[in-house]
Amino acid sequence: MVTGMGTGTWWTPPSPADAARDWARSGVLPLTGHRTGPPLMPPGHAASWAASMADRIAQATVGESGPVRIDGPRLLAERAALTGRTRQGAVSVGGSCRLYPTLDGWAAVSVARPDDPALWSALIEHELDDRFTERLAAWLAAHPGAELDQRAEMLGLAGAAVSSDPAAKVPQPGRPRSVRGLLVVDFSALWAGPLCAHLLGLAGAEVVKVETPDRPDGARHGNRTFYDLLHSGHQSVVLDPADSAGRKALHALVRRADIVIEASRPRALARFGLDADVEVARGCTWVSITAAGRDSQRIGFGDDVAAGAGLVAWDREGRPVFCGDAIADPLAGLTAAALALSEPQEDRGVLWDVGMADVVAATLSGRSGGAASPEHRVPIHAPTARTPAGIAPAMGADTNAVLTRLGISNA
């Protein structure tokens, strides 16, 4: 298997002044801090990282229609611009993640899925009742962050201790290449993976989104304009891997893909009979986006992953607050797109292992950050969003057409 190369040392951080300017124009500052307090400047240089990834994407897409030019920093706050949500301090912009004190620091805990309250109750070894939030907070305050990390990974829960010394191992993008006309099969959901697929689609690739009947993309139930923004122009296919014909069609579709995007732990796709190593060996570019890399069993969403990696701002009382809206998602999506737009070495396939926590950690060179004024005298921009190019297809609307065109039977 050929994997991405050059991890962790290739990124040159910007000056503090340049980092502040990029943060200020990103729209993230109005989403960072307490609702009744001033916007806070996040630590590190994630907005500058986003700008750099956008530049790499533009370099890879120079062709007949010109380069794909996107404003990387402004993508970080694009969803919030459409939902209208704002900063809430220790509660995430989306409302499903909270920061709690632990015995030796702080932790970010997401309760986003219907089963999460019951699973968190199992973690703290207490039956679920109407005092769930109070009991969870008390357990966290009495236990170290390392114990939370261990139990959350074991139970498949999205939560992590806030790191004070993050380590990063992000692959380095290679020489730019065109993806015009290539077939992208996208198994991902929510934000990071679909953003990667969206950017490849803008670069001229044909994108086929694959969902299973019992696990549609949860973003379909979120802000419709945001979903359209990331999925218009793509094709929607629904296949059931529990059915022999559906599994056969799924395998055939993957074998025809030039690029595969997925955001599952390896064992999840293995249940469908899909093997990244096999596809890479035949020359496929496989983009794997996970919470903490393919070697980890951790799961996570954009808010808890970013906070766990150390991307939090600190108020005057020394308490952490969330930075932006699920910021690990767009950071990872931009990075994954830049990697997918890199030419594989010696015409071989490549597996790009994109850990969202690693991407966030790579943007943190220090722990500076605080009030946006007067320390950082820069004009603060509000979140903005692009206009969707069209309407995203209904779930499964293109199944028969795609399979027929590719000569795949789903009978």
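Predicted model, so just to flag it, every value in this text is computed and none were measured.

Conventions we followed
- Residues numbered from 1 in each chain as written.
- Predicted model: local features only at pLDDT ≥ 70, side-chain atom pairs only at ≥ 80, totals over all residues.
- Heavy atoms only, no water.
- Buried < 20%, exposed > 50% of the residue type's maximum accessible area, 1.4 Å probe, protein only.
- Helix = DSSP H or I, 4+ residues; strand = E, 2+ residues; numbered from the N terminus.
- Arc of directions from axis to C-beta.
- Contact = heavy atoms within 4.5 Å.
- Polar contact = N/O pair within 3.5 Å; in protein donor to acceptor, adjacent residues only side chain to side chain.
- Phe/Tyr/Trp six-rings, centres within 6.5 Å; stacked < 30°, edge-to-face > 60°.
- Axes fitted to C-alpha atoms, helices over the stretch in contact; angles between N-to-C directions.
- Parallel < 35°, antiparallel > 145°, perpendicular 65-115°, else oblique.
- Left-handed = near helix turned anticlockwise from the far one by under 90°.
- Nonpolar A, V, L, I, M, F, W, Y, C, P; charged D, E, K, R; others polar.
- Pairing = 2+ DSSP bridges.
- Right-handed = clockwise from strand over helix to strand, strands pointing away.

> Tell me about helix 7 (residues 145-155), and please be specific about residues and values.
For helix 7, the full list of buried residues reads Gly145, Leu148, Arg151 and Ala152. All buried residues of helix 7 project into a common sector of 130 degrees when viewed along the axis, lining one side. Away from its buried face, by an angle of more than 90 degrees, helix 7 presents the exposed residues Ala146, Gln150 and Met154. Looking at the packing, one finds that the buried side of helix 7 touches strand 1 (97-102), strand 2 (105-110), helix 5 (116-123), helix 6 (132-141) and strand 3 (159-161). Two residues or fewer after helix 7 comes Gly156, characterised by a positive phi angle close to 70 degrees.

> Give me the side chain of Ser188: which residues, what numbers.
Relative to the elements of secondary structure, Ser188 occurs in the loop between strand 4 (183-186) and helix 8 (192-202). Assessed through its relative accessible area of 2%, Ser188 is described here as buried. Reaching out from Ser188, the side chain makes a polar contact with the side chain of Asp186 at a distance of 2.5 Å. Ignoring anything within four residues of it in the chain, the contact list for Ser188 reads Gly193, Pro194, Lys209, Asp217, Ile261, Glu262 and Ala263.

> Now, about the packing of aromatic side chains: what can you tell me, with residues and values included?
If you walk through the whole model with that rule in mind, you get one aromatic pair. Ring geometry for Trp191 versus Phe226: centroids 5.2 Å apart, planes at 85 degrees, classification edge-to-face. Here Trp191 is found in the loop between strand 4 and helix 8, whereas its partner Phe226 is found in helix 9 (residues 224-231), with 35 residues between them in sequence. Neither Trp191 nor Phe226 differs from the other in exposure class; each is buried.

> Tell me about the packing of helix 2 (residues 46-60) against helix 14 (residues 328-340), residues and numbers included.
A pair of packed helices is captured by two measures, namely the crossing angle of their axes and the spacing between those axes. Taken N-terminus to C-terminus, the directions of helix 2 and helix 14 make an angle of 30 degrees; their axes are 9 Å apart at the nearest point. Relative to helix 14, the element helix 2 lies roughly parallel. The way helix 2 lies across helix 14 gives a crossing that is left-handed. Note on element contacts: helix 14 touches helix 2 through Leu331, Leu334, Thr335, Ala337 and Ala338, opposite Ala46, Trp49, Ala50, Met53, Arg56 and Ile57. The residue makeup of the contact of helix 2 with helix 14, split by class, is nine nonpolar, one polar and one charged.

> Kindly report on the pairing of strand 4, identifying the contributing residues and their values.
Because side chains alternate across strand 4, one face comprises the buried residues Leu183 and Val185, and the other comprises Val184 and Asp186, equally buried. When strand 4 meets strand 5 (residues 206-211), the two strands line up parallel, connected through four bridges. Looking across to strand 5, one finds that Asp186 is bridged to Lys209. As a crossover connection, the stretch from strand 4 through helix 8 into strand 5 is right-handed. In the sheet, strand 4 pairs with strand 7 (residues 259-262) via three bridges, with the strands oriented parallel. The partner of Val185 across the bridge, within strand 7, is Val260.

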